[in-house]
Amino acid sequence: KQWYQRRVRGMTKDPETGPRPSAPVRSNQEPDPGCCGTILIVLSVVICVILFPLAPFFVIKVVQQYEKAVIFRLGCIRKGGAAGPGLFTYLPCTDEIHVVDMRTISFDVPPQEILTKDSVTVTVDAVVYFRIQDAVSSVCNVDNVKTATRLLAQTTLRNMLGTKSLAEILAEREIVDSCTLASRGE
């Protein structure tokens, strides 16, 4: 089968499904900062040029091999997404930098008292490993990634073990573990 698409006035023509609205087109260009934003950017560049002997100390940043830097220019993510690892430049007055650790992070889930399916109270704990895959989504979509992951792990532990009886928990630890991973979409 030959698939072809044609854009006509915001519609996509598909031979099998007919016309439908087109997906929004994403631009790789930075949004227009406007008049005030342009003035601030030009002013920052002028200050960096005037203070040239000292400017490299403030304009050049180093990000380690295991980190990525998400740079916001006037509140919008800079073109190219996350920078790093290595050297990159930024404008001190207009850019804001968030450094994200891309290594695997582990933590203990504190002991939780859980009521099982057969009304037995069990105290369980766990160890959680997680790694951030997309630094931009991590910074833009979640306020505190470590706390959110910790609370999600506690909730998942309680929900999964609350649906099992004590005998199932003790006999089928590997199955309970695989069910927990499957419920998180891994």
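Criteria and thresholds
- Residues numbered from 1 in each chain as written.
- Predicted model: local features only at pLDDT ≥ 70, side-chain atom pairs only at ≥ 80, totals over all residues.
- Heavy atoms only, no water.
- Helix = DSSP H or I, 4+ residues; strand = E, 2+ residues; numbered from the N terminus.
- Buried < 20%, exposed > 50% of the residue type's maximum accessible area, 1.4 Å probe, protein only.
- Contact = heavy atoms within 4.5 Å.
- Areas by Shrake-Rupley, 256 points an atom, 1.4 Å probe, with all protein chains shown as cover.
- Phe/Tyr/Trp six-rings, centres within 6.5 Å; stacked < 30°, edge-to-face > 60°.
- Lys NZ or Arg CZ within 6 Å of the ring centre and 35° of its normal.
- Pairing = 2+ DSSP bridges.
- Axes fitted to C-alpha atoms, helices over the stretch in contact; angles between N-to-C directions.
- Salt bridge = Lys/Arg side-chain N within 4 Å of Asp/Glu carboxyl O.

In this section: the overall build of the chain. Helix and strand counts for the chain come out as six helices and ten strands. In the chain, which comprises 186 residues, the share counted as buried stands at 28%. Partitioning the contacts of the chain with sequence separation of at least 6, the portion at a separation of at least 24 is 55%. Surface summary for the chain: the accessible area is close to 13400 Å², and the carbon and sulfur share equals 57%.

To continue, consider the packing of aromatic side chains. Taken as a whole and assessed by the stated rule, the structure comprises one aromatic pair. Between phenylalanine 107 and phenylalanine 130, the aromatic rings sit 6.0 Å apart at their centres with planes inclined by 65 degrees, giving edge-to-face as the arrangement. In this pair, phenylalanine 107 sits in strand β9 (residues 105-115) while phenylalanine 130 sits in strand β10 (residues 121-130), placing the two residues 23 residues apart along the sequence. When its relative accessible area of 9% is taken as the criterion, phenylalanine 107 is described as buried. Its end group placed over the ring of tyrosine 66, arginine 103 keeps NZ or CZ at 3.8 Å from the ring centre. When the ring centre of phenylalanine 107 is taken as reference, the NZ or CZ atom of arginine 150 above it lies at 4.4 Å.

Our focus in this paragraph is the pairing of β9. With nine bridges joining them, β9 and β10 adopt antiparallel strand pairing. Across the sheet, the residue bridging to aspartate 108 is valine 127, located in β10. Hairpin connection, β9 to β10: the antiparallel pair is bridged by five residues, and serine 119 has positive phi, about 60 degrees.

The subject of this paragraph is the sheet that holds strand β6 (residues 76-83). The strands that make up a sheet are held in pairs by hydrogen bonds between backbone atoms, and each pair lies either parallel or antiparallel. Pairing in this open sheet of three strands is antiparallel, and the strands run β6-β5-β8 from one edge to the other. A strand with exactly one partner marks an edge of an open sheet, and here the two such strands are β6 and β8 (95-101). Ignoring which end each strand starts from, the neighbouring axes of this sheet average 20 degrees apart. Taken together, the seven bridges between strand β5 (residues 67-73) and β8 define a ladder with antiparallel strand orientation. For isoleucine 71, the partnering residue across the bridge sits in β8 and is isoleucine 97.

Under the criterion given, the structure shown has three salt bridges. Taking the shortest distance from any N to any O, the salt bridge between aspartate 95 and arginine 73 comes out at 2.8 Å. Placement of the pair is aspartate 95 in strand β8 and arginine 73 in strand β5, with a sequence separation of 22 residues. Given a relative accessible area of 9%, aspartate 95 falls into the buried group.

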